[in-house]
Amino acid sequence: MIRNTLTGKQKRFLRAMGTKLEPVVQVGKEGITPAVVKSTDDAITKREIIKIRVLQNCPQEPDDSIKLLAERTNCDLVQIIGRNALLFRRSFKKPKVELPK
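Scoring rules and cut-offs
- Residues numbered from 1 in each chain as written.
- Predicted model: local features only at pLDDT ≥ 70, side-chain atom pairs only at ≥ 80, totals over all residues.
- Heavy atoms only, no water.
- Helix = DSSP H or I, 4+ residues; strand = E, 2+ residues; numbered from the N terminus.
- Rg over C-alpha atoms; globule rule 2.2 N^0.38 Å.
- Core = buried A, V, L, I, M, F, W, Y, C linked by side-chain atoms within 4.5 Å.
- Buried < 20%, exposed > 50% of the residue type's maximum accessible area, 1.4 Å probe, protein only.
- Axes fitted to C-alpha atoms, helices over the stretch in contact; angles between N-to-C directions.
- Left-handed = near helix turned anticlockwise from the far one by under 90°.
- Contact = heavy atoms within 4.5 Å.
- Nonpolar A, V, L, I, M, F, W, Y, C, P; charged D, E, K, R; others polar.
- Pairing = 2+ DSSP bridges.

**Focus on the overall build of the chain**
(1) Moving on: Helix and strand counts for the chain come out as three helices and four strands.
(2) Moving on: Helices and strands in the chain line up, N terminus first, as α-β-α-β-α-β-β.
(3) Moving on: Radius of gyration (C-alpha) of the chain: 13 Å, near the 13 Å computed for a compact globule of 101 residues.
(4) Moving on: Dimensions of the chain, computed from the C-alpha atoms along their principal axes, are close to 40 × 25 × 25 Å.

Shown next, in the form of structure tokens:
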């Protein structure tokens, strides 16, 4: 199940941050593989917020792929626009993003 621990104000803040980001993870013709899940998990651990892109040759629908990836990496799904999405997972050891209350 996708986590939903963010308030509307926090999601707005993260969406504003996400406009400047480039996609870090791309889901291609293989779909959601263990390698994609691992690379997403590594990137989200390092950065806290990442943008992912589902390429047109992906066998699944973009929404399904993004939701599955968010579920498998235990992330908050901040936003989906077309084939792009923002994922966020708070780091309690080394927080980089200071969320508004």
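**A word on the nonpolar core**
(1) Moving on: Val-27, Ile-50, Ile-52, Ile-66, Leu-69, Leu-77 and Leu-87 are the most contacted members of the largest nonpolar core, which has 18 residues in total.
(2) Moving on: When contributions to this core are tallied by element, the ones reaching two or more residues are strand 1 (23-27), helix 2 (34-47), strand 2 (49-54), helix 3 (62-73) and strand 4 (84-88).
(3) Moving on: Looking at this core, the element that brings in the most residues is helix 2, giving four residues.
(4) Moving on: Residues Leu-14, Ile-49, Phe-88 and Leu-99 belong to the second largest nonpolar core, which totals eight residues.

**Some thoughts on the packing of helix 2 against helix 3**
(1) Moving on: In contact at an axis separation of 10 Å, helix 2 and helix 3 are set at 65 degrees when each is read in the N-to-C sense. Crossing angle aside, the handedness with which helix 2 passes helix 3 is right-handed. Contacts from Val-36, Val-37, Thr-40 and Asp-41 of helix 2 reach helix 3 at Leu-69, Arg-72 and Thr-73.
(2) Moving on: Here the contact of helix 2 with helix 3 is composed, by residue class, of three nonpolar, two polar and two charged.

**Here's the deal with the pairing of strand 3 (residues 76-81)**
(1) Moving on: Direction of pairing for strand 3 relative to strand 4: antiparallel, over a ladder of five bridges. For Ile-80, the partnering residue across the bridge sits in strand 4 and is Ala-85.
(2) Moving on: The hairpin turn running from strand 3 into strand 4, its antiparallel successor, is two residues long, and Gly-82 in that turn takes a positive phi close to 60 degrees.

Purely spatial values, then, with no claim about function.
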